[in-house]
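# Architecture and fold: a report
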Amino acid sequence: MPEQLIFGMEVFLNGLMAGVLYALVALGFVLIYKASGIFNYAQGVMALFSALTLVGIMEGQVPFGHLVNAIFGTEIHGFGWHVPAFAAILLTMGVMILLAWCVQRFVFRDLVGQEPIILFMATIGLAYFLEGVGDLMWGSEIKKLDVGLPQGINAVIDETTFEWFGYGFFIDNLDIVATIIAALLVAALVVFAQYTKQGRAMRAVADDHQAALSVGISLSFVWVMVWSVAGFVALVAGIMWGTKSGVQFSLSLIALKALPVLMLGGFTSIPGAIVGGLIIGVGEKLFEFAVGPLVGGATENWFAYVLALVFLVFRPQGLFGEKIIERV
Amino acid sequence: MNQITPDSYVTADGRTIGGTVMEMKNITLRFGGVVAIKDISFDIRQGEIRAIIGPNGAGKSSMLNVISGFYNPQEGDVFYKGQKRPPMRPYQVARLGIARTFQNIALFEGMSVLDNVMTGRLHHMKAGLFSQALWKGRAEREEVENREAVEKIIDFLEIQSIRKTPVGRLPYGLKKRVELARALAAEPSILLLDEPMAGMNVEEKEDMSRFILDVNDEFGTTIALIEHDMGVVMDLSDRVVVMDYGKKIGDGTPDEVRNNQDVIDAYLGVAHD
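All residue numbers refer to position in the chain's written sequence, counted from 1. Whichever chain is written first becomes A and whichever ligand is written first becomes 1, with later ones labelled in order. Totals for whole chains, interfaces and linings use all residues, but because this is a predicted model, local features are given only for residues with pLDDT of at least 70 and pairs of side-chain atoms are given and counted only at 80 or more.

## A closer look at the overall build of chain A
The way it works is that DSSP assigns letters per residue, a run of H or I at least four long becomes a helix, a run of E at least two long becomes a strand, and they are numbered from the N terminus. Across its full length, chain A holds 14 helices and zero strands. Across chain A, helices and strands are ordered from the amino to the carboxyl terminus as α-α-α-α-α-α-α-α-α-α-α-α-α-α. Values of the radius of gyration come from C-alpha atoms, whereas the globule rule sets the reference at 2.2 Å times the count of residues to the power 0.38. A globule of 328 residues ought to have a C-alpha radius of gyration of about 20 Å, and chain A, at 21 Å, matches this closely. In terms of its C-alpha atoms, chain A occupies a principal-axis envelope of roughly 70 × 60 × 40 Å. Every one of the 328 residues in chain A was classed for burial, and the buried ones make up 41%. The contact criterion used here is simple: two residues whose C-beta atoms, placed from the backbone, lie within 7 Å are in contact. Restricting the contact set of chain A to residue pairs at least 6 apart, pairs at least 24 apart contribute 72%. The burial criterion counts other C-beta atoms lying within 10 Å of a residue's C-beta, which is placed from the backbone; the residue is buried at 20 or more, exposed at 12 or fewer, and partly exposed between these limits.

## Topic: the overall build of chain B
Scanning chain B from terminus to terminus reveals ten helices and twelve strands. Dimensions of chain B, computed from the C-alpha atoms along their principal axes, are close to 70 × 40 × 40 Å. Looking at chain B as a whole, 40% of its 273 residues are labelled buried. Residue pairs in contact within chain B that sit at least 24 positions apart in sequence constitute 66% of those at least 6 positions apart.

## Here's the deal with the confidence of the model for chain A
When the pLDDT values of chain A are averaged, the result is 87; 98% of them are 70 or greater. Per-residue confidence from the predictor is reported as pLDDT, a score between 0 and 100. Taken element by element, chain A is modelled with least confidence in helix α3 (residues 65-72) of chain A, mean pLDDT 84, and with most confidence in helix α4 (residues 85-108) of chain A, mean pLDDT 94.

## Focus: the packing of helix α7 (residues 173-195) of chain A against helix α8 (residues 197-207) of chain A
All names here are of chain A. At a minimum axis separation of 5 Å, α7 and α8 run at an interaxial angle of 75°. Taken together, α7 and α8 sit at an angle that is classed as roughly perpendicular. Of the residues in α8, those in contact with Phe192, Ala193, Gln194 and Tyr195 of α7 are Gly199, Met202 and Arg203. Within the contact of α7 with α8, the residues separate by chemical class into four nonpolar, two polar and one charged. Between N-to-C directions, angles cover 0 to 180 degrees, with each direction set by a line fitted to C-alpha atoms, over the stretch in contact for helices. Between 65 and 115 degrees an angle is taken as roughly perpendicular, under 35 as roughly parallel, over 145 as roughly antiparallel, and anywhere else as oblique. Each residue receives one of three labels: charged for Asp, Glu, Lys and Arg, nonpolar for Ala, Val, Leu, Ile, Met, Phe, Trp, Tyr, Cys and Pro, and polar for the others, Gly being one of them.

## Describing the interface of chain B and chain A
With 22 residues of chain B at the interface, the matching set in chain A holds 20 residues. Here the side of chain B that touches chain A is composed, by residue class, of 13 nonpolar, five polar and four charged.

## Brief notes about the pairing of strand β11 (residues 239-244) of chain B
Residues and elements named next belong to chain B. By the criterion of burial, β11 is predominantly enclosed, with six of the six residues buried. Neither face of β11 is left uncovered, since the one carrying Arg239, Val241 and Met243 and the one carrying Val240, Val242 and Asp244 both have all their residues buried. We treat two strands as partners when DSSP finds at least two bridges between them. As paired strands, strand β5 (residues 49-53) and β11 are joined by four bridges and run parallel to one another. The partner of Ala51 across the bridge, within β11, is Val240. By the bridge criterion, five bridges tie β11 to strand β12 (residues 247-252) in an arrangement that is antiparallel. Its bridge partner being in β12, Met243 is matched across the sheet by Lys248.

## Details of the packing of helix α2 (residues 43-58) of chain A against helix α10 (residues 219-245) of chain A
A packed helix pair is summarised by two numbers, namely the angle formed by the two axes and the spacing between the axes. Residue and element names in this part refer to chain A. The contact between α2 and α10 brings their axes to 7 Å, and the two run at 65°. By the angle class used here, α2 and α10 are roughly perpendicular. Seen from above, α2 lies across α10 with right-handed handedness. Contact with α2, carried on its side by Gln43, Met46, Ala47, Leu48, Ser50, Ala51 and Leu54, involves Ala230, Gly231, Ala234, Leu235, Ala237, Gly238, Ile239, Trp241 and Gly242 of α10 and no other residues of that element. By the definition used in this description, the sense in which the near helix is turned from the far one sets the handedness, with an anticlockwise turn below a right angle giving left-handed and a clockwise turn giving right-handed.

## A word on the sheet that holds strand β10 (residues 222-226) of chain B
Residue and element names in this part refer to chain B. Reading across from one edge, β8-β9-β10-β5-β11-β12 is the order of the six strands in this open sheet, with mixed pairing throughout. Only two strands of the sheet have a single neighbouring strand rather than two, namely β8 (98-100) and β12. Strand-to-strand twist across the sheet, computed as the mean angle between neighbouring axes with direction ignored, equals 20°. In this sheet, β10 lies alongside β5 in parallel orientation, the contact comprising four bridges. Bridging across to β10, Ala51 finds its partner in Leu225.

## Thoughts on the environment of Ile162(B)
Residues and elements named next belong to chain B. Here Ile162 shows up in the loop between α5 (138-156) and α6 (172-185). A tally of 18 C-beta atoms within 10 Å means that Ile162 is categorised as partly exposed. Once the C-alpha coordinates of Ile162 and Glu148 are considered, the two residues, 14 residues apart in sequence, prove to be 17 Å apart. Setting aside chain neighbours within four positions, we find Ile162 in contact with Val113, Leu170 and Leu174.

## Focus: the nonpolar core
In this structure, Ala23(A), Leu24(A), Ala26(A), Ile217(A) and Val226(A) are the most contacted members of the largest nonpolar core, which totals 157 residues. Ranked by residue count, the leading element in this core is α10(A), at 17 residues. Note on definitions: a nonpolar core is a set of buried residues drawn from Ala, Val, Leu, Ile, Met, Phe, Trp, Tyr and Cys, linked by C-beta atoms within 7 Å.

## Regarding the sheet that holds strand β7 (residues 83-85) of chain B
Residues and elements named next belong to chain B. Spatial strand order, β4-β3-β6-β7: four strands in an open sheet with antiparallel pairing. Each edge of the open sheet carries a strand with a single partner, namely β4 (34-45) and β7. In this sheet, adjacent strand axes meet at a mean angle of 25° when their direction is disregarded. Packing against the sheet, helix α1 (residues 60-67) makes contact with β3 (20-31) and β4, and its axis sits at approximately 60° to β4.

Pasting the structure below:
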């Protein structure tokens, strides 16, 4: 087998894995957009905030420690305990649910029925607010997140591929775990949306507010629920990205990578977010591999956006989005 | 018609109507300086078809919105099953057993007819999230029961052939019928219909009238409806409230109302002094 093809296969596999992580972020956007028509600019910051909180809880950091020390001249830094990863994840989820409730109660309750652009502006405000609160609560230094996920080269794949092709593929264990978790998450979300009472209520609210009210669905309950689920997705994305590249401000920028994924997959489709993520992931890695050397590399920075632009011209609703039909 | 007593009365076609389910007492509703409903009282009794009629802008829809909790009146009380109802959100009223349809149709366009009707039973489902997700125990039993109830209503309203069709693709008349099915699925103690015949042709109106009468007859459902078409209302309803400019100008059987001078004036457009 030609060497280029074998390298290409490895690049393809790595692209798929990267795509799964993009899809995870995009999923959070789709959930909120479907249920409330809000494009949540803060989704990336939610991932950052959840990862910060998780690290903070695990290491027994005192929330707002810096602030307290500055005001009262004290020297507190930590509680001096370590919370096991699983318990810390549960606690962080609790924080994300509380956040969802606050967002609904203090931001969107008074904005019901406003123009989409106003709701969008509110989420921009939310993003900066949350970023600031995250900094104040847990500090702004880069943190290491280790919840016990396996990392490093997968030996089995390396050896098997070496036997087959005489060249061992480098596939990171973390990426494999991320793929499995993402698959489970999507399956759980589909079961939730299709077969449970709360999921049906969510779909109903997404479709028509008045009708939902008339069958006894509480809109604010559903919205808090959707923001909680989006918070959970953000937490999962935060754990994956945080483990991979450390918990730091740039984590919130993964939201920008989700935008082309959404344009490709459509803003309203859960399968679209997955397929879109995979296409972007594979596309940018293969493009970098094939064309990158010819143009001096760094194509990964712009490839996704150009692809999204092409889609906007030829298929504005995305691959799986609802077709836009205006009846006159 | 026999004498109306607190417990019962007998209709023109010989049905015995029970006591009061809902009573509106001195309801006043304002929007800023505009008075939409002015000091109106009336009752709705068990098993009857009660109509609210009146010219455009009389406040009929506002009245229906007060009953279903979409508006809360500034003055007056709503008594439901003998108890004063505190100000409530629409979804809370729906859970009390008051189902409604809308003048402009509010359906879940993206869902199938079956799914739409199933949402009518959401607040009959009590099983926990995990039980539902795993499809075991209570959730499974509930789903089977609810499906049976829904299929019965779908058969009754003769929409079996479109069960799986997305609602967005249906013609207007059928959408109205699906909306009725969804409201019925909740097994309401009062069914509110906001202009069920609006925008329909003669044939569709006849169908809808028949369904309303059949629902009342078969399930004994108490129905309160708003309608423009006088002919339809007079044929359908047991008792009629007539509104004009937010005030009640008549209340009684269709015959009584038809001969009421104020009502005739309101409909024929006598100059107000």
